[in-house]
Each structure stands twice: as C-alpha cells, then as structure tokens.
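Structural description and commentary
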Amino acid sequence: MTADSLARALEARRCGAGWNSLCPAHKDKNPSLSICEKNGKILVHCHAGCSQHTVIEVLRSRGLWPQTEPRQWSPADRREWRRQQRYLAQHIRSATLWRRAALALGDAILDGLKVALCDLSLPRPGVGEIAFWTDQLATWDQLDGAALVAEYLWWLKYDPRLTSGMVQAAEHRQTAERRAVEAYLRLAAGAAIL
Ligand SMILES: [Zn+2]
C-alpha cells in the first residue's frame with residue numbers, strides 16, 4: 001500500500017502534494033482527510049478531529065494499511081494504544097448490539113419497500129430508496145472494531161434516544177433467545193433421560 005494506491009482506494013482528490021478524501025473513521029460529508037507521503041511513509045490527518053490512530057485502525061480493518069509496519073513504540077504510543085483499547089472495550093458490546101438492531105430494522109424497511117414496489121395500492125418507494133437501504137445494510141454488515149464503534153458513537157450523538165433504545169431492544173431480544181435455547185436444551189436433556 002502506497003499513498004497513491006490508498007488515495008485511489010478512497011477516491012481521494014489530488015490537492016497540492018497530497019490528496020483529500022472523505023474520512024473513513026467518522027460520518028464525513030466534506031472531505032476531511034488529508035493524505036500525503038513523506039520519506040516513503042503514508043501520513044493521514046482528519047481535520048474533523050479523529051485521531052491518527054483511529055483513522056489508521058479503520059484503514060487497517062479494510063485492508064488499506066500496511067499490516068506490518070516496522071516501528072518503535074514510544075511510551076506515548078503505548079499509552080495512546082492502551083487508551084484506544086480501553087475505549088474500544090468500553091463501547092464494542094453496545095456497538096455490536098446496536099448493529100444487530102440496525103440490521104434488523106434496515107431489513108424490515110427494505111422488505112416493506114419491496115412489497116410496496118409490487119403492491120400498487122401502496123405508495124411507491126422513492127427513487128433510490130431501495131438502493132440506499134441495500135447499501136446502508138451492506139456497510140453496517142461489514143463494520144468491525146474501531147469502525148463499528150465510530151459508527152455507533154456517531155448515531156448515539158445524532159439520536160441518543162433511538163440509538164440507546166435500539167441497543168436495549170437488541171439486548172432484550174438476545175436475553176429472550178438465550179432463555180429459549182436454555183429451555184429447549186433442558187427439554188432435550190429431559191427427553192434423553194426418559
Ligand atoms: Zn475523521
């Protein structure tokens with residue numbers, strides 16, 4: 001991976017000696033990410049405030065960052081790394097539950113739109129609505145690690161009530177499913193003894 005191939009993968013625009021692209025670590029509407037190359041090293045900077053570490057983690061999770069990078073860890077790097085790990089550990093469970101609810105919700109919306117497409121008595125879906133939800137579901141499905149947490153936190157900030165409600169709903173559903181499986185296993189075990 002070179003700065004040039006990274007820029008191409010992110011569909012970045014040439015800007016001076018480097019490139020500008022949408023930042024992959026937050027919901028970016030205007031290109032906030034600067035990419036450049038210095039002494040053979042790729043440098044990235046998000047002007048909207050994502051840390052370099054977060055941006056690199058997201059790029060790495062997408063296979064857009066060199067996996068093995070000969071580097072010396074300074075004490076500050078280690079501290080930053082531990083801070084990031086704690087941050088991820090703190091949010092990854094809720095983020096995973098949120099994604100589960102978001103996928104179920106998106107699936108239901110998509111189903112509704114497809115039904116409306118065939119049933120002429122229902123209002124027709126707007127142009128691009130089905131494509132939008134299909135894309136959105138594929139994006140959520142692929143999110144992982146730092147990128148998943150970043151997406152979840154964006155939604156949490158954008159709509160705290162809906163987002164935490166979705167986490168709760170997914171949690172209740174998970175508990176109900178676990179209990180059902182446990183009850184089923186007890187039933188199966190009972191049947192095996194008889
Ligand atoms: Zn960013």
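See the structure above.
Let's talk about the environment of D135
- Structurally, the position occupied by D135 is in helix 4 (residues 129-142).
- We classify D135 as exposed; its relative accessible area is 53%.
- Here the alpha-carbon distance between D135 and I35, two residues 100 residues apart in the chain, equals 26 Å.

What to know about the pairing of strand 2 (residues 18-21)
- Of the strand pairs in this sheet, strand 1 (residues 13-15) and strand 2 are connected by three bridges, and their pairing is antiparallel. The residue of strand 2 that forms the bridge with R13 is N20.
- By the bridge criterion, three bridges tie strand 2 to strand 3 (residues 33-38) in an arrangement that is antiparallel. The residue bridging N20 from the neighbouring strand is S34, located in strand 3.

Concerning the coordination of the zinc ion
- Donor atoms from the polypeptide that coordinate the zinc ion comprise C23 (SG), H26 (ND1), C46 (SG) and C50 (SG), at 2.1 to 2.3 Å from the metal.
- Its four donor atoms give the zinc ion angles of 99 to 118° at the centre, a pattern that matches the tetrahedral case.
- Between consecutive donor residues of the zinc ion, the sequence gaps follow C-x2-H-x19-C-x3-C. With a gap of 20 residues between them, H26 in the loop between strand 2 and strand 3 and C46 in strand 4 (residues 41-46) connect regions that are remote in the sequence.

A word on the nonpolar core
- L6, I35, V44, V55, W98 and W140 are the most contacted members of the largest nonpolar core, which has 43 residues in total.
- At nine residues, the largest contribution of residues to this core is made by helix 3 (residues 75-118).
- Built from parts of two domains, this core gets at least three residues from each of domain 1 (3-61) and domain 2 (77-193).
- Among all residues touching W140, those that are not within four sequence positions of it are W98, R99, A102, L103, W133, E151 and W155.

Digging into the pairing of strand 4
- Side chains I42, V44 and C46 project from strand 4 onto a buried face, and the interleaved K41, L43 and H45 project onto a face without burial.
- Sheet analysis places strand 3 next to strand 4, joined by six bridges and oriented antiparallel. Counted as the bridge partner of L33 is C46 from strand 4.
- Between the end of strand 3 and the start of strand 4, which pair antiparallel, lie two residues, with N39 showing a positive phi angle near 50°.

Considering the packing of helix 3 against helix 4
- For the pair helix 3 and helix 4, the least separation of the axes is 10 Å and the interaxial angle reads 160°. When the interaxial angle is binned, helix 3 and helix 4 end up roughly antiparallel. Considering the relative orientation of helix 3 and helix 4, their crossing is left-handed. For the pair formed by helix 3 and helix 4, the contact residues are W98, R99, A102, L103, G106, D107, I109, L110, L113, K114 and L117 on the first element and E129, I130, W133, T134, L137, W140 and D141 on the second.
- Tallied by class, the residues present in the contact of helix 3 with helix 4 amount to 11 nonpolar, two polar and five charged.

Focus on the packing of aromatic side chains
- Applying the stated criterion across every chain yields a total of nine aromatic pairs.
- With centroids separated by 6.3 Å and ring planes inclined at 50°, the aromatic side chains of W98 and Y152 adopt a geometry described as tilted. Highlighted residues: W98 in helix 3 and Y152 in helix 5 (residues 145-158), separated in sequence by 54 residues. Accessibility classification places W98 together with Y152 in one group, the buried group.
- Ring centres of W140 and W155 lie 6.3 Å apart, and the angle between their planes is 75°; this geometry places the pair in the edge-to-face category. With W140 in helix 4 and W155 in helix 5, the pair connects residues that are 15 residues apart, well separated along the chain.
- Residue W140 is classed as buried on the basis of its relative accessible area of 6%.
- Following the ring pairs from residue to residue traces out a cluster consisting of W98, F132, W133, W140, Y152, W154, W155 and Y158.

What counts and what doesn't
- Residues numbered from 1 in each chain as written.
- Predicted model: local features only at pLDDT ≥ 70, side-chain atom pairs only at ≥ 80, totals over all residues.
- Heavy atoms only, no water.
- Helix = DSSP H or I, 4+ residues; strand = E, 2+ residues; numbered from the N terminus.
- Buried < 20%, exposed > 50% of the residue type's maximum accessible area, 1.4 Å probe, protein only.
- Pairing = 2+ DSSP bridges.
- Donors = N, O, S within 2.8 Å, 3.2 Å for Na, K, Ca; no water.
- Tetrahedral: all angles 85-135°; square planar, octahedral: opposite > 155°, others 65-115°.
- Core = buried A, V, L, I, M, F, W, Y, C linked by side-chain atoms within 4.5 Å.
- Domains from an automatic or database assignment.
- Contact = heavy atoms within 4.5 Å.
- Axes fitted to C-alpha atoms, helices over the stretch in contact; angles between N-to-C directions.
- Parallel < 35°, antiparallel > 145°, perpendicular 65-115°, else oblique.
- Left-handed = near helix turned anticlockwise from the far one by under 90°.
- Nonpolar A, V, L, I, M, F, W, Y, C, P; charged D, E, K, R; others polar.
- Phe/Tyr/Trp six-rings, centres within 6.5 Å; stacked < 30°, edge-to-face > 60°.

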